[in-house]
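Examination of the molecular architecture
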Amino acid sequence: MLVTEITAQSIDEALRKQLDALSMSVESREVGTVIQVGDGIARVDGLRGAMAGELLEFTGANGKTVYGLAQNLEEDEVGAVLLGDVTAIKENDQVRTTGRIVEVPSGKGMLGRVVNPLGQPIDGKGPIQAEGMRPVEFKAPGVHARKPVEEPMQTGILAVDSMIPIGRGQRELIIGDRQTGKSAIAVDAIINQRNEDVICIYVAIGQKASTVAGIVETLERHGAMDKTIVVAATASDSAPLQYIAPMAGAAMGEYFIYTGEDGKPAGPENPGRHVLIVYDDLSKQAVAYRQMSLTLRRPPGREAYPGDVFYLHSRLLERAVKMSDENGGGSMTALPIIETQAGDVSAYIPTNVISITDGQIYLQTDLFYQGQRPAVNVGISVSRVGGSAQVKAMKQVAGSLRLDLASYNELQAFTQFGSDLDKATQDQLTRGARMTELLKQGRYVPMSVWDQAIAIYAGSQGYLDDLPVSDVVRFRGELLAYMHASRQDLVDRLAAEKKWTDDIKADMSAAIEAFKTQFSASATA
Ligand SMILES: Nc1ncnc2c1ncn2[C@@H]1O[C@H](COP(=O)(O)OP(=O)(O)OP(=O)(O)O)[C@@H](O)[C@H]1O
Ligand SMILES: [Mg+2]
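The following paragraphs examine the structure supplied in this document. (Residues numbered from 1 in each chain as written. Chains lettered and ligands numbered in written order. Predicted model: local features only at pLDDT ≥ 70, side-chain atom pairs only at ≥ 80, totals over all residues. Heavy atoms only, no water.)

Structural notes on the site of ligand 1
If you check the shell around ligand 1, you find 15 residues, and the closest are Gln179, Lys182, Ser183, Ala184 and Gln441. Here an oxygen atom of ligand 1 sits 2.8 Å away from a polar atom, N or O, in the side chain of glutamine 179. With respect to ligand 1, the side chain of lysine 182 contributes an N or O atom lying 2.7 Å from an oxygen atom. In the complex, the protein chains occlude 71% of the 630 Å² of accessible area that ligand 1 would expose alone. When residues in the shell around ligand 1 are grouped by element, the largest group, three residues, is from helix H3 (residues 182-191). Along the lines of polarity and charge, the residues of the shell around ligand 1 split into three nonpolar, six polar and six charged. (Near = heavy atom within 4 Å. Polar contact = N/O pair within 3.5 Å; in protein donor to acceptor, adjacent residues only side chain to side chain. Areas by Shrake-Rupley, 256 points an atom, 1.4 Å probe, with all protein chains shown as cover. Helix = DSSP H or I, 4+ residues; strand = E, 2+ residues; numbered from the N terminus. Nonpolar A, V, L, I, M, F, W, Y, C, P; charged D, E, K, R; others polar.)

Considerations on unusual backbone geometry
Cis peptide bonds are those with omega within 30 degrees of zero, and the linkage from aspartate 280 to aspartate 281 qualifies with -5°. Looking at the element boundaries, aspartate 281 is found in the loop between strand E13 (274-280) and helix H6 (282-295). Proline 374 follows arginine 373 through a cis peptide bond whose omega is -5°. Positive phi, close to 70°, is recorded for asparagine 92, a residue that is not glycine. Structurally, asparagine 92 is set in the loop between strand E5 (78-82) and strand E6 (94-101). Among the residues examined, asparagine 92 registers a relative accessible area of 60% and is labelled exposed. The phi dihedral of glutamine 179 is positive, around 55°, even though this residue is not glycine. Tracing the backbone shows glutamine 179 in the loop between strand E10 (173-176) and H3. A residue is classified by how much of its surface remains accessible, and glutamine 179, at 58% relative accessible area, is exposed. (Buried < 20%, exposed > 50% of the residue type's maximum accessible area, 1.4 Å probe, protein only.)

Considering the packing of helix H14 (residues 472-486) against helix H15 (residues 488-497)
Direction vectors running N to C along H14 and H15 enclose 95°, while the axes themselves pass 5 Å from each other. Here H14 lies roughly perpendicular to H15, going by the angle between them. Contacts from Met483, His484 and Ser486 in H14 reach Gln488, Asp489 and Val491 in H15. (Axes fitted to C-alpha atoms, helices over the stretch in contact; angles between N-to-C directions. Parallel < 35°, antiparallel > 145°, perpendicular 65-115°, else oblique. Contact = heavy atoms within 4.5 Å.)

Let's talk about the side chain of asparagine 192
Within the fold, asparagine 192 resides in the loop between H3 and strand E11 (198-205). The exposure class of asparagine 192 is buried, given its relative accessible area of 15%. Apart from residues lying up to four places away in sequence, asparagine 192 is in contact with Gln154, Thr155, Gly156 and Pro446.

Laid out in structure tokens, this is it:
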């Protein structure tokens, strides 16, 4: 006879087995009614269990579904912002809670596409095959899941990579007045990733649709669009859409950090990918959020912005990350853009975002109009963490460049009207003028880090000092062309060593001198 002993353990096991097999989800959905609607805001009655930020489903009279976000949770009503066709919703329409927050599609299928902040395609190229959905609000990983920034994120822009180096996983603010070349820096940085293992996301907030179309066309022309996702909430889109656009872009980027090439979760064996995300620009997102908040009758704070706009931006930028090796080592580098008014960096939104990011690239109108483009103010631009990620060859030649140029700028202002200057001062002025000129760079012509290092080496070794300032940019271009045509071996050696050895320095100096005889000849001919 078979006797089964019933022990406490066997009962426990049996229960556990049954519980594991049990898959039941309790869905609680509440239904409420719209009591008032206007300005893209709906006041809803009867949703006692709604959560802040929850997605609400509105059903219009003609059966049309419009989504909204629960924002104000008050004692007897909920204030919600509408994300879709506002006109379809009227008083007394039904509203349901969904238990979810807004999610956007994500995956490889998004690459090369232009989507709205809900992830729907707006480029007329047909539906998107997404691999899954990701929530627009996502808690950023904690410190133990991360590691310090260590790999460079090359922008291909000499002034940035040499003096304000950016590392993968860093947050570097691009700040400046209107029309100072802010977007140009970000777009050039994206173009420079076309041959790198970096996926790019460009989030356009509150820009004209024609400007966004121009950027997409530029990225296509330079072969960078097939690895890029453009998320567009244009100036004609509603404030709530402009408000969630950066978060939606971050969610689409997070897919690539947290999953490997095979679509499975990233880990030590399955590396996560690298993402570069541009938020162009967060000033407009803050304005959209202010508009939403004021129509929801939240109390205005400094400059009429709601007090939690700081929290909005810090939550977003905390999502830029460099993951530890156990977590796949993926990264998301964020380049938020902020527009200032008349150079005022001490306004509310600029100070907020400056304090949240790891440094800023400050672009200045007067430099821009003097022809110094990119119009980087070297004195107050800084990258607080990127130095540890900078390529050694670059660090060796450009280590003191930023401070040298800053002191040159001061000296220049100071000696503008003086005549008899001592030799050392004169030399410093000569060098400073040429190094400043050397940093000029047109759009869409990213330079490799080795080319950049060679150009700065030539300048810092004094090979430009006897040239007229107006010849410096031409000299740089022709020198690099010469190096690639006649001394590719030397460029390859620098790239292989990744640093300047005494041998390479000696050979490089000889090569530059050889080129220079030829250059001077053609200049005087
Ligand atoms: N390095 C450069 N060389 C030459 N022209 C440039 C350079 N950078 C930007 N520009 C030009 O300057 C103009 C303004 O650039 P951009 O649109 O990037 O500025 P912005 O600061 O983003 O402007 P907005 O405030 O309107 O967004 C554009 O016509 C652009 O082509
Ligand atoms: Mg711009």
